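# Observations on the three-dimensional arrangement
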Amino acid sequence: MEIFLDTGLIDEIKEAAKWGFIDGVTTNPSLIAQTKRPQAEVIQEICSIIDGPISAEVNASDYEGMINEGDVLAKIHENITIKLPMTEDGIRACKYFSEKNVKTNITLIFSPNQALLAAKNGATYVSPFIGRLDDIGHDGMALIDEIRTIFDNYGYTTKILAASVRHSTHVRDAALVGADVATMPYGVVKKLFTHPLTDKGLAQFAADYKSSKK
Ligand code: E4P
């Protein structure tokens, strides 16, 4: 499973890049707003740090606006993935960018049928928001599982990008049900490294090493 970082914060991206396993970055208007910088500037800087797909979301809600914004964003770097909303206009824009061989990520997916429409128009990624579904008492992971079955039934190559990932159990379960990618905040990736028995084992090894030197 690929691991993307879900942030616009350059310091986090620089730190995470050192780990060597970050495959890409996703942003959205809320994450860009946290940076207090222009979107194009932030996206350009991210592209200079991570050599992988970088999702940049359009802010327009109409087809023409999405095309205009997306065309400008796509020129920033060959790794740009145009993030489009799951609306009629967004799905139309997905077809436009697919035909131009520009990568797309259809965001705010909350049902298998939405994912199916995105795949039919050639989306590179669909982003089911598992945490937001869990928040309202639904089963976010079941959605990933259903999309996996549908895409496998018909051979769609659209990648399932598990989004709105809130904790390490989401990451484990997304990998178990076959998500192609999980995008997650920096803090969630940090948690993936740790286990109390690892800490305990290391403390014991360090103590034994110290005593063997006496
Ligand atoms: C990623 O593409 C999404 O924008 C992001 O994962 C949303 O996460 P949230 O539900 O925690 O805001």
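Now for a description of the structure that goes with this document.

Criteria and cut-off values
All residue numbers here refer to positions counted from 1 along the written sequence of the relevant chain. Owing to the predicted nature of the model, reporting of local features is limited to residues with pLDDT of at least 70; listing and counting of side-chain atom pairs is limited to 80 or more, with chain, interface and lining totals taken over all residues. Hydrogens are left out, water is left out, and the side-chain values use all remaining heavy atoms of the structure. Nearness is judged by heavy atoms alone; a residue qualifies as near a molecule or strand once a single heavy atom is within 4 Å of it. Counted as a polar contact is a pair of N or O atoms within 3.5 Å, where, for protein atoms, one must be capable of donating a hydrogen and the other of accepting one, and residues adjacent in sequence contribute only when both atoms are in side chains. Surface exposure here means Shrake-Rupley accessible area, sampled with a 1.4 Å probe, where a residue is shielded only by the protein chains that are shown. Lines fitted to the C-alpha atoms define the axes, with helices restricted to the stretch that makes contact. Angles between their N-to-C directions range from 0 to 180 degrees. Secondary structure elements are defined from DSSP: runs of H or I of at least 4 residues count as helices, runs of E of at least 2 residues count as strands, and each element is numbered from the N terminus. The cut-offs work like this: below 35 degrees is roughly parallel, past 145 is roughly antiparallel, 65 to 115 is roughly perpendicular, and the gaps in between are oblique. It only takes one pair of heavy atoms within 4.5 Å for two residues to be counted as in contact. All amino acids are sorted into three groups, where Ala, Val, Leu, Ile, Met, Phe, Trp, Tyr, Cys and Pro are nonpolar, Asp, Glu, Lys and Arg are charged, and the leftover types, Gly among them, are polar. For our purposes a nonpolar core is just a set of buried Ala, Val, Leu, Ile, Met, Phe, Trp, Tyr and Cys residues, chained together by side-chain atoms within 4.5 Å. We call a residue buried when its accessible area falls under 20% of the maximum for its residue type, exposed when it is over 50%, and partly exposed in between, using a 1.4 Å probe and counting protein chains only.

So, on to the site of the ligand. Around the ligand sit Asp6, Asn28, Lys83, Phe129, Arg132, Ala163, Ser164, Arg166 and Thr183, and that is every residue in its neighbourhood. Between the ligand and Ser164, the relevant distance is 2.6 Å, taken from an oxygen atom to a side-chain nitrogen or oxygen of the residue. Note that an oxygen atom of the ligand is positioned 3.0 Å from one of the side-chain N or O atoms of Arg166. Burial of the ligand by the surrounding chains reaches 84%, relative to a free accessible area of 350 Å².

Right, let's get into the packing of helix H1 (residues 10-17) against helix H3 (residues 39-49). When two helices pack together, their arrangement is captured by the angle between the axes and the distance separating the axes. Interaxial distance between H1 and H3 falls to 10 Å at its minimum, and their mutual angle equals 10 degrees. Classified by the angle their axes make, H1 and H3 are roughly parallel. Mapping the contact onto sequence places Ile10, Ile13, Lys14 and Ala17 in H1 and Val42, Glu45, Ile46 and Ile49 in H3. A per-class count over the contact of H1 with H3 returns six nonpolar, no polar and two charged.

Okay, the nonpolar core next. Side chains of nonpolar character tend, in soluble globular proteins, to be buried together. Counting residues in each nonpolar core, the largest one holds 56 residues, and the members touching the most others are Leu84 and Ile106. Among the elements that line this core, the one with the most residues is helix H8 (residues 140-154), at six residues. Core analysis: the next-biggest nonpolar cluster, separate from the first, contains six residues, Tyr125, Leu161, Ala163 and Val181 among them.

Purely geometric stuff here, so don't read any function into it on its own.
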